[in-house]
Amino acid sequence: MRSIIYVLTALAVFGLALWAYQENYKTQQVLKDTQRLQREIGAAQIRLSVLRAEWAYLNRPDRLRELADLNFDRLGLLPLRPDQFGRVDEVVYPPAPLPPITNAVDVSTLNGEQFP
């Protein structure tokens, strides 16, 4: 009887060791994936900061003014004036759509009479 208990205990220990071994490798793979994703996020943040710097450089007011002056004949851009802006209450919004008819009544045959 004791030998059966020893064998079962040994098998349980081997089974648990195998499970722990597999979980260890799964954990290591998840950690590697996490590190890879962190590196990709860092690289994307660096690219984003470079793009933001380029955007700020290209949108300098003096550069845009110079481009507008160079292309004035073709584009016809003029500075904005305060009288070109409107107020919110001047905006014409489209009318609200009518609600759908849900309980339609056929009036051509009301009370059994036929209407032309």
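Not measured: the values here are computed from a predicted model.

> Summarise the overall build of the protein; cite the residues concerned and give the values.
Looking only at helices and strands, one finds 3 helices and 0 strands in the protein. Listing the helices and strands of the protein from first to last along the sequence gives α-α-α. For the protein, the C-alpha radius of gyration of 38 Å lies well beyond 13 Å, the compact-globule estimate for 116 residues. C-alpha atoms of the protein, sized along the principal axes, occupy 100 × 80 × 25 Å. Taking all 116 residues of the protein together, the buried fraction comes to 0%. Approximately 11,600 Å² of the protein is accessible, and the part contributed by carbon and sulfur atoms is 65%. Treating the 13 positive side-chain charges of the protein as one cloud and the 13 negative ones as another, the clouds have centres 18 Å apart.

> How would you explain the pattern of salt bridges if you had to name every residue and give the values?
This structure, assessed with the given rule, holds 6 salt bridges. For aspartate 83, the salt bridge goes to arginine 81, with nearest N and O atoms at 3.2 Å. According to the relative accessible area criterion, aspartate 83 is exposed, its value standing at 59%. On the basis of relative accessibility, which here comes to 43%, the residue arginine 81 falls in the partly exposed class. The partner of arginine 87 in a salt bridge is aspartate 89, with the nearest N and O atoms 3.2 Å apart. Overall, arginine 87 belongs to the exposed group, its relative accessible area being 53%. Because the salt bridges share partners, they merge into one network encompassing Arg87, Asp89 and Glu90.

> Any details on the packing of aromatic side chains? Residues and values, ideally.
In the structure shown here, the tally under the stated rule is 1 aromatic pair. Each ring, one from tyrosine 21 and one from tyrosine 25, has its centre 4.9 Å from the other, and the planes form 70°; the classification is edge-to-face. Taken as a pair, tyrosine 21 and tyrosine 25 lie in helix H1 (residues 2-58) at a separation of 4 residues, close to a single helical turn. Judged by relative accessible area, tyrosine 21 falls into the partly exposed class, the value being 48%.

> So what's going on with a nonpolar patch on the surface? Residues and values would help.
On the surface, a nonpolar cluster with roughly 790 Å² of combined accessible area is contributed by Met1, Ile4, Ile5, Val7, Leu8, Leu11 and Phe14. With respect to the helices, strands and loops of the structure, methionine 1 is situated in the segment before H1. Since its relative accessible area comes to 76%, methionine 1 is described here as exposed.

> Tell me what's going on with the confidence of the model for the protein, and back it up with residues and numbers.
Averaged over all residues, the pLDDT of the protein is 88; the fraction at 70 or higher stands at 91%. Per-element confidence in the protein is highest for H1, whose mean pLDDT is 95, and lowest for helix H3 (residues 72-75), whose mean pLDDT is 86.

The rules behind the values
Residues numbered from 1 in each chain as written. Predicted model: local features only at pLDDT ≥ 70, side-chain atom pairs only at ≥ 80, totals over all residues. Heavy atoms only, no water. Helix = DSSP H or I, 4+ residues; strand = E, 2+ residues; numbered from the N terminus. Rg over C-alpha atoms; globule rule 2.2 N^0.38 Å. Buried < 20%, exposed > 50% of the residue type's maximum accessible area, 1.4 Å probe, protein only. Areas by Shrake-Rupley, 256 points an atom, 1.4 Å probe, with all protein chains shown as cover. Lys, Arg positive; Asp, Glu negative; His and termini not counted. Charge placed at Lys NZ, Arg CZ, Asp CG, Glu CD. Salt bridge = Lys/Arg side-chain N within 4 Å of Asp/Glu carboxyl O. Phe/Tyr/Trp six-rings, centres within 6.5 Å; stacked < 30°, edge-to-face > 60°. Patch = residues over 30% accessible without salt bridge, like charges linked within 9 Å, V, L, I, M, F, W, Y side chains within 5 Å. pLDDT = per-residue confidence, 0-100.

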